[in-house]
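These are the residues of each chain, in order.
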Amino acid sequence: MSLRASWHRRLQRRLADSLNLKKSLIAAAKNRSGSGWAWLSVTSTGDLETGSTANQDTPLSNGQLPILGLDVWEHAYYLKYHNKRPEYITNWWHVVNWKKVQEQFEAITG
């Protein structure tokens, strides 16, 4: 993951580094009971925050702008992973488009 300066500073300020980002997002996804999402969002102050929402809810309702979402509804993983949500979450990281996430962050924060 190649990080530009503003992205890297915000990532370090909020989550210390990309490993903590990953741990925090995994925890949000694994701790979401039932259907929902885990998110990486930009707060109104331009910081990064991870969290989760139930069902179809998004961070928008909390004044945050999502830049990365992990779908943990059963339909997202059941055909390939059946009831193995943790395995799905682990493998999801292989398809994250970090360049697009960074572009979204920069578009929001200027």
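On a predicted model such as this, the values are computed, not experimentally measured, just so you know. (Residues numbered from 1 in each chain as written. Predicted model: local features only at pLDDT ≥ 70, side-chain atom pairs only at ≥ 80, totals over all residues. Heavy atoms only, no water.)

Chemist: Explanation requested: the nonpolar core in the structure shown.
Modeler: Across soluble globular proteins, nonpolar side chains show a tendency to be buried alongside one another. Residues Leu68, Leu70, Ile89, Trp92 and Trp93 are the most contacted members of the largest nonpolar core, which totals 23 residues. The leading source of residues in this core is helix α2 (residues 18–30), at five residues. (Core = buried A, V, L, I, M, F, W, Y, C linked by side-chain atoms within 4.5 Å. Buried < 20%, exposed > 50% of the residue type's maximum accessible area, 1.4 Å probe, protein only. Helix = DSSP H or I, 4+ residues; strand = E, 2+ residues; numbered from the N terminus.)

Chemist: Honestly, the pairing of strand β1 (residues 36–42) in this entry has me stumped. Any pointers?
Modeler: One face of the sheet, then the other: side chains in a regular strand alternate in exactly this way. Of all seven residues that make up β1, six are buried, and the element is covered over most of its length. Pairing between β1 and strand β2 (residues 48–54): seven bridges, direction antiparallel. Bridging across to β2, Trp39 finds its partner in Gly51. Once β1 ends, the chain turns through five residues before running back antiparallel as β2, passing Gly46 with a positive phi of about 85 degrees. Direction of pairing for β1 relative to strand β3 (residues 65–71): antiparallel, over a ladder of six bridges. Its bridge partner being in β3, Ala38 is matched across the sheet by Leu70. (Pairing = 2+ DSSP bridges.)

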